[in-house]
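Residue-level listing of the chains:
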Amino acid sequence: MLTNEAYKPINCDDYDNLELACTKHWTLSLELKNGDQLKAKAVDMVSRKNVEYLAVDLSGETRELRLDHIASFSHPELGTVIVSEDE
């Protein structure tokens, strides 16, 4: 996955839902824009060099997912959220 493309901030509501998932340590079903699908526990939101990431625990390993690479995420208490770019 290219990491040198310009970061596109995601919709504020979608960001807030990811923050909530981190606070509650929810395990999310995530689909990335490249087609990858994974189940991982939301751990933290990280911002580095004007790029925002969701830190997840994936089978005991921490992985950071660029927010603009996430197509959708879901959790039983939240439903499915289709991530959109900020207008």
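Structure: above.
The written sequence of each chain sets the order in which its residues are numbered from 1. It should be noted that, the model being predicted, local features are given only for residues of pLDDT at least 70 and side-chain atom pairs only at 80 or more, the latter also being counted only at that level, while totals for whole chains, interfaces and linings use all residues. Each side-chain value is derived from all of the structure's non-hydrogen atoms; neither hydrogens nor water enter the calculation.

## Let's talk about the pattern of salt bridges
For step 1, the next point in the chain: Salt bridge criterion: a side-chain nitrogen from Lys or Arg within 4 Å of a carboxyl oxygen from Asp or Glu. Counting across every chain of the model gives two salt bridges.
For step 2, the next point in the chain: Of the charged contacts in the structure, one is a salt bridge between R48 and E64, with a shortest N-O distance of 2.9 Å. Of this pair, R48 sits in strand β2 (residues 37-48) while E64 sits in strand β4 (residues 61-66), placing them 16 residues apart in sequence.
For step 3, the next point in the chain: When a residue's accessible area, from a 1.4 Å probe over protein chains only, is under 20% of the maximum for its type it is buried; when over 50% it is exposed; and in between it is partly exposed. Judged by its relative accessible area of 38%, R48 is partly exposed. By the criteria applied, helices consist of DSSP H or I runs no shorter than four residues and strands consist of E runs no shorter than two, each listed in order from the N terminus.

## Examining the pairing of β2
For step 1, the next point in the chain: Should DSSP find at least two bridges between two strands, the strands are regarded as paired. Relative to β2, strand β1 (residues 27-32) runs antiparallel, the two sharing five bridges. Bridged to S29 within β2 is K39.
For step 2, the next point in the chain: Two successive antiparallel strands, β1 and β2, enclose a turn made up of four residues, where G35 displays a positive phi of approximately 100°.
For step 3, the next point in the chain: Here β2 pairs with strand β3 (residues 51-58) via seven bridges, running antiparallel. What sits directly across from M45, in β3, is L54.
For step 4, the next point in the chain: Count of turn residues in the β2/β3 antiparallel hairpin: two residues, of which K49 carries a positive phi of about 55°.

## Brief notes about the nonpolar core
For step 1, the next point in the chain: Put simply, buried Ala, Val, Leu, Ile, Met, Phe, Trp, Tyr and Cys residues joined by side-chain atoms within 4.5 Å make one nonpolar core. If you look at the biggest cluster of nonpolar residues, it comprises 25 residues, and the most contacted ones within it are L18, L28, L30, L54, L67, I70 and F73.
For step 2, the next point in the chain: Among the elements of the structure, α1 (12-23), β1, β2, β3 and β5 (70-75) are those that each provide at least two residues to this core.

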